[in-house]
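An overview of the molecular structure
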Amino acid sequence: LCCFQLYGYCYQDSNDIPDTLTTITELGSPLEMIQLLQTSWEDRFRICLSLVRLLHYLAHSPLGSVTLLDFRPRQFVIVDGELKVTDLDDASVEESSCTSNSDCFMEFPARNFTLPCSVEGRCQNMNEKRNLYNAYRFFFTYLLPHSAPSSLRPLLDKIVNATGNHNKHVICTEYLALELSPSPSVNSEFTQKCVKSANTQYRRVPEAFIPDENYRCWPSYHHKGCLLSVFDVNEAIEICDSYSQCKAFVLTNQTTWTGRQLVFFKRASNHIVPDSDKITYVKVTD
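- Going by the annotation in an unreviewed UniProt entry, the name recorded for the protein is PKDCC kinase, with Prunella fulvescens given as the source organism.

**Let's talk about the overall build of the protein**
- Along the protein, the regular secondary structure elements total 6 helices and 14 strands.
- Each of the 286 residues in the protein was classed as buried or not, and the buried ones make up 44%.
- Partitioning the contacts of the protein with sequence separation of at least 6, the portion at a separation of at least 24 is 63%.

**Focus: the sheet that holds strand E5 (residues 76-79)**
- With antiparallel pairing, the 3 strands of this open sheet are ordered in space as E3-E5-E6. Taken across any chain shown, the strands that pair with only one partner, and hence form the sheet edges, are strand E3 (29-30) and strand E6 (82-85).
- Taken together, the 4 bridges between E5 and E6 define a ladder with antiparallel strand orientation. Note that in E6 the partner of Phe76 across the bridge is Val85.
- Those strands touched by helix H2 (residues 41-59) are E5 and E6, and its axis lies near 40° from that of E6.

**Some words on the pattern of salt bridges**
- By the definition in use, this model includes 9 salt bridges.
- Ionic pairing is found between Arg260 and Glu42, a salt bridge with its closest N-O pair at 3.7 Å. Of the two residues, Arg260 sits in the loop between strand E12 (248-255) and strand E13 (261-266) while Glu42 sits in helix H2, which places them 218 residues apart along the sequence. In this pair, the class of Arg260 matches that of Glu42, namely buried.
- Note that Asp275 and Lys278 form a salt bridge whose closest N and O atoms lie 3.2 Å from each other.
- The exposure class assigned to Asp275 is buried, which follows from its relative accessible area of 19%.
- Linked by salt bridges that have partners in common, Glu42, Glu235 and Arg260 make up one network.

**So, the packing of aromatic side chains**
- Applying the stated rule across the entire model yields 13 aromatic pairs.
- Centre to centre, the rings of Phe113 and Tyr133 are 5.2 Å apart; their planes meet at 70°, and the pair counts as edge-to-face. You can see Phe113 sitting in strand E9 (residues 112-114) and its partner Tyr133 sitting in helix H3 (residues 126-143), a full 20 residues away along the chain. Across this residue pair, the class does not change: Phe113 and Tyr133 are buried.
- Centre to centre, the rings of Phe209 and Phe264 are 6.1 Å apart; their planes meet at 70°, and the pair counts as edge-to-face.

**Overview of the environment of Pro73**
- Its place among the elements puts Pro73 in the loop between strand E4 (67-68) and E5.
- On the accessibility criterion, Pro73 (19% relative accessible area) is buried.
- With 42 residues separating them in the primary sequence, Pro73 and Leu31 have C-alpha atoms 6.1 Å apart.
- Setting aside chain neighbours within four positions, we find Pro73 in contact with Leu31, Met33, Phe138 and Phe139.

**A short note on the sheet that holds strand E11 (residues 226-230)**
- Pairing in this open sheet of 5 strands is antiparallel, and the strands run E10-E14-E12-E13-E11 from one edge to the other. Of all the strands in the sheet, just strand E10 (202-209) and E11 have a single pairing partner and so form its edges. Taken over all neighbouring pairs, the strand axes of this sheet differ in orientation by 30° on average, direction set aside.
- For E11 and E13, the ladder comprises 5 bridges, and the chain directions are antiparallel. Across the sheet, Leu228 pairs through a bridge with Val263, a residue of E13.
- Packing of helix H6 (residues 233-242) onto the sheet brings it into contact with E10, E11, E12, E13 and strand E14 (273-283), and relative to E12 it is tilted by some 135°.

**Brief notes about the state of the cysteines**
- Applying the stated criterion across every chain yields a total of 4 disulfides.
- A sulfur-sulfur separation of 2.1 Å characterises the disulfide bridge that pairs Cys98 with Cys117. With the S-S dihedral at roughly 95°, the linkage between Cys98 and Cys117 falls on the right-handed side. In this pair, Cys98 sits in the loop between strand E7 (91-92) and strand E8 (105-107) while Cys117 sits in the loop between E9 and H3, placing the two residues 19 residues apart along the sequence.
- On the accessibility criterion, Cys117 (19% relative accessible area) is buried.

Each value, and the rule that gives it
Residues numbered from 1 in each chain as written. Predicted model: local features only at pLDDT ≥ 70, side-chain atom pairs only at ≥ 80, totals over all residues. Heavy atoms only, no water. Helix = DSSP H or I, 4+ residues; strand = E, 2+ residues; numbered from the N terminus. Buried < 20%, exposed > 50% of the residue type's maximum accessible area, 1.4 Å probe, protein only. Contact = heavy atoms within 4.5 Å. Pairing = 2+ DSSP bridges. Axes fitted to C-alpha atoms, helices over the stretch in contact; angles between N-to-C directions. Salt bridge = Lys/Arg side-chain N within 4 Å of Asp/Glu carboxyl O. Phe/Tyr/Trp six-rings, centres within 6.5 Å; stacked < 30°, edge-to-face > 60°. Disulfide = S-S within 2.5 Å.

Structure below.
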């Protein structure tokens, strides 16, 4: 689940390079951090969840604790919204040997750590700690807090800080709570933000859609319009009220991977067409 799936391989001898090995793997998209920051927070959260699963697998693999010595975005790809390792050439299962704690010094650009030296002469959990901190500085610190739901920010700050401090217990506990919550049947902090009672009145038009009247917003699931995910109609009203150009919105029957409903926000409602799969809400003006 965490690494590229191998579909097949073959050996081939040639005059130039003997014993050539060719592998056939699944296709993934290169990881571009700038593009990721322009996607929805839900999609970035999904990537972070898959990274947590990867960290757990590397720490408890059949070979022992595995560290990725070149733990950078270029070593990963996105497959169906999940993060996977594509290059294992720099993976190592060797824990550093030591005679004292000073031998277990880990140096990073912004912070350094010293781990305990075990009685067996090995730096305790160095492979796991190295992976954890690299995940923090290359992924979590960028992808998690940015445009996150306000109700989740204290919890996310706790997770990010714990990752930077090597507190794996906090990370696993809090992530497990978040991972279990996105079910559409669960009324959780992840799927529902606190919304205020709206003073604006909206007219409900069932089985209707507004094909035009798009405007751009960020972040959006649609590059030419404003398509966002909501927990319910109240959250859609709150979002529409927050945009001065929003005069209507359309509930679709599509949902995100967490069960949140996708909604188109429109700048006018002059042209409404029948559509059995959608419900339109038009802002009522005085």
